Amino acid sequence: LLGESCFFADRYADADESYEKLLKKYTYSRYVDRAVQRQFVIGRYWEQFHAVEPHWPVTPNFTDKSRPWFDTWGRAIKAYEHVKLNDPTGPLADDALLATGNAYFATGRYEDAAFEYDTLRKQYPKSEHGMNASLLCLDAKQRIYQGPFYGGAPLKDAGEVADQTLTRYGPTLGDKRKLVVEAKNEVMEQKAERDWAVAQFYEHKGYAGAARFYYRALVDDHPQTNFAQKARERLEAIKHLPDEPPDYFGWL
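A short tour of the structure in this document, coming up.

The rules behind the values
- Residues numbered from 1 in each chain as written.
- Predicted model: local features only at pLDDT ≥ 70, side-chain atom pairs only at ≥ 80, totals over all residues.
- Heavy atoms only, no water.
- Phe/Tyr/Trp six-rings, centres within 6.5 Å; stacked < 30°, edge-to-face > 60°.
- Buried < 20%, exposed > 50% of the residue type's maximum accessible area, 1.4 Å probe, protein only.
- Helix = DSSP H or I, 4+ residues; strand = E, 2+ residues; numbered from the N terminus.
- Contact = heavy atoms within 4.5 Å.
- Expected span 1.5 Å × (residues − 1).
- Salt bridge = Lys/Arg side-chain N within 4 Å of Asp/Glu carboxyl O.
- Core = buried A, V, L, I, M, F, W, Y, C linked by side-chain atoms within 4.5 Å.
- Axes fitted to C-alpha atoms, helices over the stretch in contact; angles between N-to-C directions.
- Left-handed = near helix turned anticlockwise from the far one by under 90°.
- Nonpolar A, V, L, I, M, F, W, Y, C, P; charged D, E, K, R; others polar.

Before going further, it helps to examine the packing of aromatic side chains. According to the stated counting rule, one finds 13 aromatic pairs in the structure shown. Judged by centre distance (5.1 Å) and plane angle (75°), the ring pair of Phe105 and Tyr110 falls under edge-to-face. Given a relative accessible area of 16%, Phe105 falls into the buried group. Overall, Tyr110 belongs to the partly exposed group, its relative accessible area being 23%. A ring pair is formed by Trp196 and Phe227, whose centres lie 6.1 Å apart and whose planes are at 45°; its orientation type is tilted. Residue Trp196 is found in helix α9 (residues 176–205), and its partner Phe227 is found in helix α11 (residues 226–237); the two are separated by 31 residues along the sequence. Per residue, the accessibility class of Trp196 equals that of Phe227, and both read buried. Linked through ring pairs, Phe7, Phe8, Tyr12, Tyr45 and Phe49 together constitute an aromatic cluster.

Attention shifts here to the environment of Arg109. Within the element layout of this structure, Arg109 appears in the loop between α5 (93–106) and α6 (110–123). Residue Arg109 is classed as partly exposed on the basis of its relative accessible area, which comes to 38%. Each C-alpha atom of the pair Arg109 and Ala140 lies 8.8 Å from the other, and the pair is 31 residues apart in sequence. When neighbours within four sequence positions are excluded, Arg109 is seen to be in contact with Trp73 and Tyr104.

Each α-helix turn comprises 3.6 residues. Residues three or four places apart therefore point the same way. When the terminal C-alpha atoms of helix α3 (residues 32–52) are compared, their 31 Å separation across 21 residues agrees well with the 30 Å that a helix rising 1.5 Å per residue should span. If you check which residues of α3 are buried, you get Val32, Ala35, Val36, Arg38, Gln39, Phe40, Ile42, Gly43, Trp46, Glu47, Phe49 and His50. Elements that come into contact with the buried residues of α3 comprise α1 (2–8), α2 (12–25), α4 (72–86) and α5.

It is worth spelling out the pattern of salt bridges at this point. For the structure on display, the rule yields 18 salt bridges. A salt bridge links Lys21 to Glu17, with the shortest nitrogen-to-oxygen separation between them at 3.6 Å. Of the two residues, Lys21 and Glu17 both sit in helix α2, four residues apart, roughly one turn of that helix. Taking relative accessible area as the criterion, Lys21 reaches 54% and is therefore assigned exposed. Taking the relative accessible area as the measure of exposure, Glu17 reaches 42% and is therefore partly exposed. For Glu116, the salt bridge goes to Lys84, with nearest N and O atoms at 3.1 Å. One end of the pair, Glu116, is in helix α6; the other, Lys84, is in helix α4, with 32 residues separating them in the sequence. Judged by relative accessible area, Lys84 falls into the buried class, the value being 16%. Overlapping salt bridges, with partners in common, bring together Asp118, Arg121, Lys141 and Asp157 in one network.

This brings us to the nonpolar core. Among the nonpolar cores identified, the biggest contains 48 residues, and Phe40, Ile42, Tyr117 and Leu138 are the most heavily contacted of them. Sorting elements by how many residues they give to this core places α5 first, with eight residues. Residues within four places of Leu138 in sequence aside, it is in contact with Ala158, Val161, Ala162, Val180 and Ala183. By size, the runner-up hydrophobic cluster in this structure holds 12 residues, among which are Trp196, Ala211, Tyr215 and Ala231.

Look at α2 against α3: their axes get within 10 Å of each other, and the N-to-C directions meet at 145°. Along this stretch, α2 crosses α3, giving a crossing that reads as left-handed. The residues of α3 that touch α2, namely those facing Tyr12, Ala13, Ala15, Asp16, Tyr19, Glu20, Leu22 and Leu23, are Val32, Ala35, Val36, Arg38, Gln39, Ile42, Tyr45 and Trp46. Residues of the contact of α2 with α3, tallied by class, amount to 12 nonpolar, one polar and three charged.

Honestly, that's just the spatial picture; any functional story needs more than this.
What follows is the structure in structure tokens.
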């Protein structure tokens, strides 16, 4: 009742604290559903408020009793986490995961966003948000990738998400199916670009044997990409070169 009183008095930070105390002390309370619903609403309000009037996390709030003292956005994420932890099988758990992922995505924290979307996809496969979470997860994974000279794990993950999305939601994707196919093709091009960059590195260093290995791998693994034709041309150009550069200092 204290939490409800604070909630309807627009003192949301105090309400959230009261609901959290309730759910920690009385895990199986008959008020779990209502308390979790309130926490979700509070988190959504704080997130939307921050989107309209952003503040630094360390900026104090002395006047608005509907917001916490500090870090309105961070407290919104905490409220969503409370929903997931306090009622993981409840009707709002997947909503909280999607809301958390969207909040991270909107602020450019794509790794955190992808983690939330992945959790939703895997733990709540029957969720009404499953298809949107898959599409957003694919987008986030692609944004994590930083180029051919950085780690390729995001590309691998993005390719798997694209395949799973097409398999699971293919008939219901509608116009979005084209976007998923384009994203999958882009991932293939980027994977080919990684092999191309490695092959180019070895070729410029004079290690034609290693360069040929990566050019052949590129042609075999990604034959339909633009880089495959370039690799064929380079294979023809360097086919007579020795595997390794001459050792001019062997006499030493």
